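So the chains spell out like this:
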Amino acid sequence: MKTIKELLQNRNIYTVKTGTSVLDAVNFMAEHNIGLVPVLDEEGKLVGVFSERDLVKRVIAKGLDINTTKIDDVMTRELILADINESHQECLKKMKDKGTRHLLIIEDGKLVGILAMRDLLEFDLTVQKETIEVLHNYIYAK
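Here is a short report on the structure shown in this document. (Residues numbered from 1 in each chain as written. Predicted model: local features only at pLDDT ≥ 70, side-chain atom pairs only at ≥ 80, totals over all residues. Heavy atoms only, no water.)

1. Side note on the overall build of the protein
Part 1 of the argument: A count of helical and extended segments in the protein gives 5 helices and 6 strands.
Part 2 of the argument: Listing every helix and strand of the protein by position from the N terminus yields α-β-α-β-β-α-β-α-β-β-α.
Part 3 of the argument: Taking 2.2 N^0.38 as the reference for a compact globule, 142 residues should give roughly 14 Å; the C-alpha atoms of the protein span a radius of gyration of 18 Å, well beyond that estimate.
Part 4 of the argument: Based on the C-alpha atoms only, the size of the protein along its principal axes is roughly 70 × 30 × 30 Å.
Part 5 of the argument: Across the 142 residues in the protein, those meeting the buried criterion constitute 35%.
Part 6 of the argument: Looking at the protein alone, contacts between residues at least 24 apart form 51% of all its contacts between residues at least 6 apart.
Part 7 of the argument: Element-wise, carbon and sulfur atoms account for 51% of the exposed surface of the protein, whose accessible area totals about 9,400 Å².
Part 8 of the argument: The average position of the 20 basic charges and that of the 23 acidic charges among the side chains of the protein differ by 4 Å. (Helix = DSSP H or I, 4+ residues; strand = E, 2+ residues; numbered from the N terminus. Rg over C-alpha atoms; globule rule 2.2 N^0.38 Å. Buried < 20%, exposed > 50% of the residue type's maximum accessible area, 1.4 Å probe, protein only. Contact = heavy atoms within 4.5 Å. Areas by Shrake-Rupley, 256 points an atom, 1.4 Å probe, with all protein chains shown as cover. Lys, Arg positive; Asp, Glu negative; His and termini not counted. Charge placed at Lys NZ, Arg CZ, Asp CG, Glu CD.)

As structure tokens, this is what we get:
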């Protein structure tokens, strides 16, 4: 069974710095086809995330100017984190309990990746397919 570390292998982490305008953050997200971007301070410390939901609820719905508004003022600061050594079941439970679609993965206090609900559900499907194949081979082995 794959670990969270294996699920994150060969993935880029796209981040933006504090002080970035909403417009620049949105363009960055569109360029990389991502729905959430971690926000790092000047020392590289994770201080928040900016998501499509933040854009809609905290910028557009409030009529803020995307050119002048900084993500620092509209990002989500209450982060949902998981350690790289947690199981995928623990990660899924955490996401369900917190009502989030993304989970920031840390190792030794540093951001090492982001998992989406889709990633964990695809992982579950793979495990189920493998289990079915093993059972099928066991039942029909000659």
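Anyway, onward from the coordinates.
2. Side note on the nonpolar core
Part 1 of the argument: Within the largest apolar cluster, 13 residues are counted, with the highest numbers of intra-cluster contacts made by I4, C91, I105, L115 and L120.
Part 2 of the argument: At the level of elements, α1 (4-8), α4 (88-98), β5 (102-107) and α5 (117-140) are the ones that each hand at least two residues to this core.
Part 3 of the argument: Aside from chain neighbours lying at most four places away, what touches I4 is I84, E86, S87, H88, C91, I105, L115 and L120.
Part 4 of the argument: Listed in part, the 12 residues of the second largest apolar core include V22, M29, V37 and I71. (Core = buried A, V, L, I, M, F, W, Y, C linked by side-chain atoms within 4.5 Å.)

3. A closer look at the environment of T3
Part 1 of the argument: Of note, T3 is situated in the segment before α1.
Part 2 of the argument: C-alpha of T3 to C-alpha of N85: the two residues are 82 residues apart in sequence and 7.6 Å apart in space.

4. Quick look at α4
The periodicity of an α-helix, 3.6 residues per turn, causes residues three or four positions apart to be oriented the same way.
Part 1 of the argument: Along α4, the residues classified as buried are H88, C91, L92 and M95. Looking down the long axis of α4, one finds its buried residues gathered within 100 degrees of arc, a one-sided arrangement. Exposed and facing more than 90 degrees away from the buried side of α4 are K93 and K98.
Part 2 of the argument: Looking one or two residues past α4, G99 carries a phi angle of roughly 65 degrees, positive in sign. (Arc of directions from axis to C-beta.)

5. Some words on the side chain of E86
Part 1 of the argument: Assignment of secondary structure puts E86 in the loop between β4 (81-83) and α4.
Part 2 of the argument: Note on E86: relative accessible area 18%, which makes it buried.
Part 3 of the argument: Of the polar contacts made by the side chain of E86, one reaches the backbone nitrogen of D83; its length is 2.9 Å.
Part 4 of the argument: Among residues more than four places away in sequence, those in contact with E86 are I4, C91 and K94. (Polar contact = N/O pair within 3.5 Å; in protein donor to acceptor, adjacent residues only side chain to side chain.)

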